[in-house]
Amino acid sequence: GEEVVQVYVSRENLGFRVPKHELKAFKRILIERGEIKTIKFSMKSSDLYSVNKEGKFVFPQGEIIFYVGGCQPGFDFSNILSKKIRIIKEYKKKD
């Protein structure tokens, strides 16, 4: 059947508000019951920018948690993979 594989990003403690889970990518695939498929996603750093209090696009330091699965995190964690990475330097988008 059809499945939509979704990639969400979560961040905390940024000093400014962001959505709890942000949808960053998705792919619609055909998969049969019991079948195993590898799905690849490519993301650029610009896909992960957030808008700070000053309205500037920034790539803030701190932890980013990536969630990959068939639904938004919080609905069915049994089918969601997660990976936490740490950004050690903040980047600001050049105007």
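Position numbers for residues count from 1 along each chain, tracking the sequence in the order it is written. Given that this is a predicted model, residues contribute local features only at a pLDDT of at least 70 and side-chain atom pairs are listed and counted only at 80 or more, while totals for whole chains, interfaces and linings are drawn from all residues. The side-chain figures draw on all heavy atoms in the structure; neither hydrogens nor water molecules are used.

Here's the deal with the overall build of the protein
- Strands here mean DSSP runs of E at least two residues long; helices mean DSSP runs of H or I at least four residues long; both are numbered from the N terminus. If you tally the helices and strands in the protein, you get 0 helices and 7 strands.
- Traced from its N-terminal end to its C-terminal end, the protein shows the element sequence β-β-β-β-β-β-β.
- Here the term buried applies to any residue with accessible area under 20% of the maximum for its type, exposed to any over 50%, and partly exposed to those in between, with areas from a 1.4 Å probe on protein chains only. Taken over 95 residues, the protein has a buried fraction of 31%.
- With an accessible surface of roughly 7,300 Å², the protein has 50% of that area assigned to carbon and sulfur atoms. Accessibility throughout is a Shrake-Rupley quantity obtained with a 1.4 Å probe, and a residue counts as covered only by protein chains that appear here.

Focus on the pattern of salt bridges
- One side-chain nitrogen of Lys or Arg within 4 Å of one carboxyl oxygen of Asp or Glu is enough to make a salt bridge. All told, the structure shown has 2 salt bridges when counted by the stated rule.
- Here Arg-28 and Glu-2 are joined by a salt bridge, their closest N and O atoms 3.9 Å apart. Here Arg-28 is found in strand E2 (residues 22–30), whereas its partner Glu-2 is found in strand E1 (residues 2–10), with 26 residues between them in sequence. With respect to burial, Arg-28 and Glu-2 carry one shared label: exposed.
- Notably, a salt bridge pairs Glu-22 with Lys-24, separated by 3.6 Å at the nearest N-O pair.
- By relative accessible area, Lys-24 is classed as partly exposed at 22%.

With respect to the confidence of the model for the protein
- Per-residue confidence for the protein averages 81 on the pLDDT scale, and 85% of its residues sit at or above 70.
- Think of pLDDT as the predictor's per-residue confidence, scored from 0 to 100. Within the protein, the lowest mean pLDDT, 60, falls on strand E7 (residues 91–92), and the highest, 92, falls on E2.

Focus: the pairing of E1
- For two strands to be treated as a pair, DSSP must find at least two bridges joining them. In this structure, E1 lies alongside E2, joined through 8 bridges in antiparallel fashion. If you follow Val-5 over to E2, its bridge partner there is Lys-27.
- Note: E1 against strand E5 (residues 62–69), 5 bridges, orientation antiparallel. Bridging from a neighbouring strand, Val-9 pairs with Phe-66 of E5.

Observations regarding the packing of aromatic side chains
- Pairs were defined over the aromatic rings of Phe, Tyr and Trp, the Trp ring being its six-membered one, requiring ring centres within 6.5 Å. Orientation was assigned from the angle between planes: stacked under 30 degrees, edge-to-face over 60, tilted for the rest. Evaluated as defined, the whole model comprises 0 aromatic pairs.
- Counting as a charge over the ring demands two things of the Lys NZ or Arg CZ atom: a distance within 6 Å of the ring centre and an angle within 35 degrees of the ring normal. In this structure, Lys-27 is placed above the aromatic ring of Phe-41, and the distance from its NZ or CZ to the ring centre is 5.0 Å.

Some remarks on the side chain of Gln-6
- Relative to the helices and strands, Gln-6 resides in strand E1.
- One polar contact links Gln-6 to Tyr-8, side chain to side chain, over a distance of 2.9 Å.
- Apart from the residues lying within four places of it in its own chain, the contact partners of Gln-6 are Leu-23, Ala-25, Phe-26, Tyr-67, Val-68, Gly-69, Gly-70, Cys-71 and Gln-72. Any pair of N or O atoms that falls within 3.5 Å is considered a polar contact. Within protein, one atom must be able to donate a hydrogen and the other to accept it, and sequence-neighbouring residues count only if both atoms are side-chain atoms. Residue contacts are counted whenever heavy atoms from the two residues lie within 4.5 Å of one another.

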